[in-house]
Amino acid sequence: MINEERYFKILIIGDTGVGKSCVMVRFTEETFNETYISTIGVDFKVRTVEVNSQPVKLQIWDTAGQERFKTITRNYYKGSQGILMVYDVTNSKSFENIKNWSKEVDKFSNNSFCKYLVGNKCDLQEKRRITYGMGEKLANELGIKFFESSAKTNKNIDEIFNSIAIDID
Ligand code: GTP
Ligand code: MG
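Description of the structure in this document. Please read all numbers here as calculations on a predicted model, not as lab measurements.

## A few points about the nonpolar core
Generally speaking, soluble globular proteins have nonpolar side chains that are buried together.
Next, step 1: Counting 25 residues, the largest nonpolar core has Ile 10, Ile 12, Leu 58, Ile 60, Leu 84 and Phe 161 as the members making the most contacts within it.
Next, step 2: For this core, the secondary structure elements donating two or more residues are β1 (7-13), α1 (20-29), β2 (42-51), β3 (54-63), β4 (82-88), β5 (114-120) and α6 (157-168).
Next, step 3: Look past the residues within four positions of Ile 12 in its chain and what remains in contact with it is Lys 20, Val 23, Met 24, Ile 60, Trp 61, Asp 62, Thr 63, Leu 84, Val 86 and Phe 161.
Next, step 4: The next biggest cluster of nonpolar side chains, apart from the first, holds 19 residues, and it includes Ile 13, Trp 101, Leu 138 and Phe 146.

## Quick look at the pairing of β5
Next, step 1: Within β5, seven of the seven residues are buried, which leaves it mostly tucked inside the rest of the structure.
Next, step 2: The two faces of β5 match: Cys 114, Tyr 116, Val 118 and Asn 120 on one face and Lys 115, Leu 117 and Gly 119 on the other face are all buried.
Next, step 3: Alignment of β4 against β5, held across seven bridges, turns out to be parallel. Pairing of Ile 83 across the sheet is with Lys 115, part of β5.
Next, step 4: Here β5 pairs with strand β6 (residues 145-148) via four bridges, running parallel. If you follow Val 118 over to β6, its bridge partner there is Phe 147.

About the criteria used
- Residues numbered from 1 in each chain as written.
- Chains lettered and ligands numbered in written order.
- Predicted model: local features only at pLDDT ≥ 70, side-chain atom pairs only at ≥ 80, totals over all residues.
- Heavy atoms only, no water.
- Core = buried A, V, L, I, M, F, W, Y, C linked by side-chain atoms within 4.5 Å.
- Buried < 20%, exposed > 50% of the residue type's maximum accessible area, 1.4 Å probe, protein only.
- Helix = DSSP H or I, 4+ residues; strand = E, 2+ residues; numbered from the N terminus.
- Contact = heavy atoms within 4.5 Å.
- Pairing = 2+ DSSP bridges.

This is the structure we're talking about:
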């Protein structure tokens, strides 16, 4: 039976500027914008995908990375089935902070969901500080799946959301 009302809620978290909004917009609208407009609070967009031959609405929740919004964004952890923890491969601080984001998630969410680690901006090879191996190692330590992505070139964006939708199903 086809149930068109099925939807999965996927939350995107991580430091300010790592490209969370761009990842959401690339996936839901197939566009990319170089201009940086920092997110205020929380926003969501929807795209329907097929999971095991059934349509599922993916509700992608994009959160503000700025410290001052943390108490607001925390409220959105609980209802999510999937969480993407994003860092920027050119920004070491954003990578080091993943451990803190992971703790936040464990504290403020129900534990029955899929967590992924995503190293975004992998198109910026000459500015890269975090190697693929470093990301992979951290993901292994946390016991979660790992992808590198580029919202700019569309590298792995569909793959990430399709994979997490299958894992949630
Ligand atoms: P906050 O809303 O402040 O938490 O930031 P954010 O994580 O949503 O970052 P945003 O998506 O707004 O992107 C920040 C900047 O990085 C923008 O100037 C984007 O154009 C740029 N950017 C995002 N993704 C990529 C990418 O994959 N490659 C490159 N080269 N630039 C990117
Ligand atoms: Mg944003």
